[in-house]
2 protein chains.
Amino acid sequence: MAKFRESDLIRQWQTRVPIPRPDTVVGIGDDAAVLEPQSGGRLLVSTDMMVENVHFSLGWMTIREVGFKAVSAAVSDIAAMGGEPRHILASVGIPASARLEDANALYDGIGEACRLYGLDMVGGDTVASPAGWVIDMVVLGLATNQVLTRGGGRPGDVVAVTGYLGGAAAGLDWLRGGGQAVVTTPDERWVLLDMHRRPLAQVEAGRILAQSGATACDDVTDGLAAELRALCQASGYGCFIESQRIPTHPAVRNYALRRGKSPVDWALFGGDDYQLVCCIPPTRFAAAQAGCMAAGVMLTVIGRVTEDPALLWRSPSGVVEELPEGGFDHFAEEGEEHGHGVG
Amino acid sequence: MAKFRESDLIRQWQTRVPIPRPDTVVGIGDDAAVLEPQSGGRLLVSTDMMVENVHFSLGWMTIREVGFKAVSAAVSDIAAMGGEPRHILASVGIPASARLEDANALYDGIGEACRLYGLDMVGGDTVASPAGWVIDMVVLGLATNQVLTRGGGRPGDVVAVTGYLGGAAAGLDWLRGGGQAVVTTPDERWVLLDMHRRPLAQVEAGRILAQSGATACDDVTDGLAAELRALCQASGYGCFIESQRIPTHPAVRNYALRRGKSPVDWALFGGDDYQLVCCIPPTRFAAAQAGCMAAGVMLTVIGRVTEDPALLWRSPSGVVEELPEGGFDHFAEEGEEHGHGVG
């Protein structure tokens, strides 16, 4: 059992995560955080749990990078609703083998992300974990615009995504040994690993989409296929996707080519990209795209919402068929996990 | 790896935890919960993580009881601030060995507690856990009265506790084999096990204390000694406690006598009782006590706040000395954990 005390760890939090906000009345260290009521908007709350050797491996990332990524993943849920993240609480299960500097490094990564997103860490819990690290992040945010739920898409809306998809899965493939199997350049490697290790939540894009009249939104946590299915299930409509429009990074395409893998598969089933997929009336799309571009974010149309509830796509071989089922499900059997059976 | 899907589990949540609230705009199932802004008060947020074989053992409790207790533990933090709990999010790490009915039983216990406390479950996360169960509960609440922090106690205030202390530790001792070592009656056994397995958060007492002018409050999670230390560290003052005034249940005293153990030790170092310990100006105590009694909660004076920052007590042997240090710290070494060294 590690030799540090919970009170010492709380002191670490307090010194490493110094983003006081005017709406924080009582922050870390009491039984509960006390916050000023949100004025002029609605309160958003989301929680996201990451478990060692399920969601991440310390063979592939440092514990500091895990801390950063855990915050991004949690903030991404607030971004997908079009909200502004404000406060975070971190519950951490620390394994017996961890040293104090490991715990400090985790908080350094959390603190770095908090500064990036303007979050005040107002609470959490630290406990011993018999197996690996367990990190549960709670993010509170404010929605001053329309709230972007999953179910608002309507037939005729375009389906669009921010940034590039499949990069996190390509980085994971590299880390799992693919990088040794083929020749890669240092800059290509950097792009792939950065996409896996340091994903950024699309907070600004989410805000712009909410302001521009997007009707529905989701973040790409479990792969594009799973998120499209979630959007269609919530709205009761279907979609038609053009596979050749799914944006993948040039470095990912190059790497996939040499690995003999499909970058579109990584985009559909890889997950962990934390980009946004949204539905927007066609008349609103140009303004949304211009807003995103001004914020340095690419917004790409990949298809449209259809009256027919089926999820169809034009596959890379040009055939119109049902979108393959898949996406990362933590409880799915191995093999089923990235399965391509027709849903 | 278990064969159930996250979407099935979310459906389980939705059917098992049916407490819609008017201030819930979007509940479980989207990226984030959307709540109406709190009016006429401040927002309270707390999180509490429980790990199998650290905080509980399925040899001693059912997974349903674990679900109930996890909610009580999280709600207790809101009670300690004098707030009203309103919404909960549950992140659950499910071990590979678990069956769907185990997960359902956990949600049944969570749902039972939500109904008791009037909580709407608005979100959470479900992930696979390589080792045992991990349950992280987030509770959101509203404070319409004064917020009870830990640091408000002033010299001359009385120190008081709700209910009985040490019962959860007595129940744990019974479960760990003590119950086989001595003769116990069925009703005594019932009291001890109930105190361990089904603790109730003192929400109503917290509200009454906040209204009655209590100056500080904490819940007894880690044993009375640790909570008194936290109150004194936060205020900068000390306290003097009369050991013979610490309220322990008659069944606990009877059992302790036959076990050759000290019920006061269980109260000081056992933890898990989820009673409240507070500081109140003497002129306000009678009204606070009457209010608690009307709500069926005993409120007992155990000492007073002192100008001198030392934590002193009159021990069971009648000697005035420093309060022994201890309390349950998840990262402390075995032996140190319930140590009686002088702080």
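Residues numbered from 1 in each chain as written. Chains lettered and ligands numbered in written order. Predicted model: local features only at pLDDT ≥ 70, side-chain atom pairs only at ≥ 80, totals over all residues. Heavy atoms only, no water.

Peer 1: Can you help me understand the relation of the copies chain B and chain A in this one?
Peer 2: In summary, the two copies of the chain are related to each other by a rotation about an axis coupled with a shift along it. Of the two same-sequence chains, chain B is brought onto chain A (RMSD 0.0 Å, axial shift 0.0 Å) by a rotation of 180 degrees. The superposition of one copy onto the other is thereby described by a two-fold rotation axis. By residue overlap, the copies meet face to face through one surface: 100% of the interface positions of chain B are interface positions in chain A. (Least-squares fit on C-alpha atoms with pLDDT ≥ 70 in both. Contact = heavy atoms within 4.5 Å.)

Peer 1: What is the right way to look at the sheet that holds strand 7 (residues 158-162) of chain A in this model?
Peer 2: All names here are of chain A. Taken in spatial order, the seven strands line up as 8-10-7-11-9-12-13 in an open sheet, and their pairing is mixed. The strands lining the two open edges of the sheet, one partner per strand, are strand 8 (216-219) and strand 13 (320-322). The average undirected angle you get between the axes of adjacent strands in this sheet is 25 degrees. With four bridges joining them, strand 9 (residues 238-242) and strand 12 (residues 311-314) adopt parallel strand pairing. If you follow E242 over to strand 12, its bridge partner there is R314. Sheet strands touched by helix 6 (residues 203-211): strand 7, strand 8, strand 10 (276-280) and strand 11 (299-306). Its angle to strand 10, the strand with the most contacts, is close to 10 degrees. (Pairing = 2+ DSSP bridges. Helix = DSSP H or I, 4+ residues; strand = E, 2+ residues; numbered from the N terminus. Axes fitted to C-alpha atoms, helices over the stretch in contact; angles between N-to-C directions.)

Peer 1: Honestly, the pairing of strand 3 (residues 42-51) of chain A in this entry has me stumped. Any pointers?
Peer 2: Regular strands have side chains that alternate between both faces of the sheet. By the criterion of burial, strand 3 of chain A is predominantly enclosed, with nine of the ten residues buried. In the sheet, strand 3 of chain A pairs with strand 6 (residues 134-143) of chain A via ten bridges, with the strands oriented antiparallel. Looking at strand 6 of chain A, one finds that L44 of chain A is bridged to G141 of chain A. Bridge count between strand 3 of chain A and strand 2 (residues 33-35) of chain B: three bridges; the pairing is antiparallel. The partner of V45 of chain A across the bridge, within strand 2 of chain B, is A33 of chain B. (Buried < 20%, exposed > 50% of the residue type's maximum accessible area, 1.4 Å probe, protein only.)

Peer 1: It is not clear to me how helix 10 (residues 282-294) of chain B should be interpreted in this structure. Could you clarify?
Peer 2: In an α-helix there are 3.6 residues to a turn, and that puts residues three or four apart on one side. Residue and element names in this part refer to chain B. Counted at 1.5 Å a residue, the expected span for helix 10 with its 13 residues is 18 Å, and the 19 Å between its end C-alpha atoms agrees. Of all the residues in helix 10, the buried ones are F285, A288 and C292. Each buried residue of helix 10 sits inside an arc of 75 degrees when the element is viewed along its axis, so together they form one side. Helix 10 presents T283, A286, A287, M293 and A294 as exposed residues on the side facing more than 90 degrees away from its buried surface. Structurally, helix 10 contributes buried residues whose contacts are with strand 7 (158-162), helix 6 (203-212), strand 10 (276-280) and strand 11 (299-306). Downstream of helix 10 by one or two residues, G296 has phi in the positive range, about 80 degrees. (Expected span 1.5 Å × (residues − 1). Arc of directions from axis to C-beta.)

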